[in-house]
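Read off the chains here:
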Amino acid sequence: MIPISKPLLGEEERQAVLEVLDSGMLVQGRRVQEFEQAFAEFCGVRHAIATSSGTTALQTALMAHGIGAGDEVITTAFTFIASANAIRFVGARPVFVDIDPRTFTVDPNQVEDAITPRTRAILPVHLYGLMADMPAIMDIAARHSLVVIEDACQAHGAAVGERMAGSFGTGCFSFYPSKNMTTAEGGMITTNDDDIAQRCRLIRNHGMSEQYLHEAEGYNFRMTDIQAAIGLVQLRRLADFNARRIANAAYLSAHLRGVIVPYVPAGYRHVFHQYTVRVPDGRRDELAAGLAARGIASRVYYPLAVHQQPYYRELGYRAILPATEQACREVLSLPVHPALTPQELSQIVEAVNEIL
Ligand SMILES: *Cc1c(COP(=O)(O)O)cnc(C)c1O
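Definitions and cut-offs
Residues numbered from 1 in each chain as written. Predicted model: local features only at pLDDT ≥ 70, side-chain atom pairs only at ≥ 80, totals over all residues. Heavy atoms only, no water. Pairing = 2+ DSSP bridges. Helix = DSSP H or I, 4+ residues; strand = E, 2+ residues; numbered from the N terminus. Axes fitted to C-alpha atoms, helices over the stretch in contact; angles between N-to-C directions. Contact = heavy atoms within 4.5 Å. 1 Å grid on protein atoms, 1.4 Å probe; cavity = no way out; pocket = protein on both sides within 12 Å on 5 of 7 lines; lining within 4 Å. Points joined across faces, edges and corners; volume = space filled by probe spheres on them. Nonpolar A, V, L, I, M, F, W, Y, C, P; charged D, E, K, R; others polar. Domains from an automatic or database assignment.

Chemist: It is not clear to me how the sheet that holds strand β8 (residues 170-174) should be interpreted in this structure. Could you clarify?
Modeler: With respect to topology, seven strands assemble into an open sheet ordered β1-β9-β8-β5-β4-β2-β3, the strand pairing being mixed. The sheet is open, and its two borders are formed by β1 (47-51) and β3 (93-97), each paired with just one other strand. If you compare each strand with its neighbour and ignore which way they point, the axes differ by 25° on average. Pairing analysis gives four bridges linking strand β2 (residues 72-76) to strand β4 (residues 119-123), with the strands arranged parallel. Counted as the bridge partner of V73 is A121 from β4. Packing of helix α6 (residues 134-144) onto the sheet brings it into contact with β4 and β5 (147-151), and relative to β5 it is tilted by some 155°. Relative to the sheet, helix α7 (residues 194-204) contacts β1, β8 and β9 (187-191), its axis offset from that of β1 by approximately 15°.

Chemist: I tried to follow the layout of surface pockets on my own but got confused; where do I start?
Modeler: Left-over empty space is what a probe sized like a water molecule reveals as it rolls over the atoms. When its volume is computed, the largest pocket comes out at roughly 400 Å³. Surrounding the largest pocket, 24 residues form its lining, F80, Y176, S178, K179 and Y302 being those nearest its centre. Contributing elements (two or more residues each) for the lining of the largest pocket: α3 (54-64) and α4 (81-89). The leading source of residues in the lining of the largest pocket is α3, at three residues. Looking at the lining of the largest pocket, its residues break down into nine nonpolar, eleven polar and four charged. A domain-level breakdown of the lining of the largest pocket finds at least three residues from each of domain 1 (11-232) and domain 2 (238-355). The calculated volume of the second largest pocket comes to roughly 150 Å³. If you trace the second largest pocket, you find it lined by Q28, Q198, R201, L202, R204, N205, M208, S209, E210 and Q211. For the lining of the second largest pocket, the elements supplying multiple residues, two or more each, are α7 and β10 (208-210). Top contributing element to the lining of the second largest pocket by residue count: α7, with four residues. Looking at the lining of the second largest pocket residue by residue, the classes come out as two nonpolar, five polar and three charged.

What is shown is where atoms sit, not what they do.
This is how it looks when you write it as C-alpha cells:
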C-alpha cells in the first residue's frame, strides 16, 4: 500500500534522542531553547515558543491575546476540528465563514461581512500547505483593530512572496507525525510581539514567572527536550522535504486527467501538506475505492465541515456554507509525501486516469 503520509526519521533523529536521554535534561532544557531559536529564524520572526501540540499552541495564543468569554473569532469550518475547538477552549465563540472554492482557504470578503462589535480576532487556516490570503486579511484586521492568529499547522515553510507562514499574525504550528515535519507530538507559536511571547511562555508553564511564583492562569503545555531534539533535525531537513513535496505535486498536476488539480495563486509558495484534487460528478468515493483496490491510499480532508459535526450541531450551529459543503463532497487527497518514489508517482497517475 502507498500510504497517504509517512514521517521520515533516520539515524540523525535517533542520535539526537539518545543524546537527550543520556543528558538527563528531559524537559525545558537546552534543546527546547535551541529549537525555538531555530524555528523563529526559519519563520523570520523574533520569538518562537514551543508547546505540547498544535492545539495547545492555538489555545495558548488565543489566551495570550486575552480572547475569552463573550468574544467572537472569525474562522473557517473547512479545517481540522482543533482550529475551532481551541477558540471554544478559551470560552470564545467560533464564527464560521465560507471559503474561496479555488484555494479552500477563508474568503476575505466574507470575513469582512461577519464582523460584529464582539469580534476580537480572525483565525485563518493555511489549509493543505497553502496560505490564506494574508495581505487581504491583515488589511481587514488593521481597519477593524482585530487580532490575527494563523493556524499554520499544515504550512511549515509556506510563504506569500518573501513572507513566511507564521510571520503575519501570531502563528501556530503542529509537529504531529503526518505534518511536513514532526516531533511526534508538539507545537510552536511564532510572534514578533515581545509581550505576547512572554505571556505565551507563562501560559504554557503554569503561569510561572520564577520558581513557584504564578503570575497568570497557566497550564502544562510544555514540549520535552526529546521532542525538540527531533524537531531540530527535522527543521534542517524541512527544505528538502518541502522541495520534494512541491516536485511530486508538479508531476501529479502535469499528468492527472479528469480531476481539478490544486490551484496555486501567483506569488504563493504552496508546500503541499496535502495534494488535494476535486473529483467532479459525484465520482469521488468511486475514485477512492478504485485507488484502494490498486494499493494506493487516499483520504478525504474533511468529509464533514466543523459546523456539520454532531458536537457543533448540538451547540446550535446552523450556518449554511455552500462552498465549504461542496468541497467536503468533492475533495480527495492523494499521496504527495517526500518518501514517494518516481514509480509510485506514475502508479498513482495511471490509477487515477484509468479509474476516471
Ligand atoms: C494538525 C492540525 C491541528 C492540531 O495540531 P495537533 O498537533 O494535532 O494538536 C490544528 N489545525 C490544523 C489545521 C491541523 O492540521
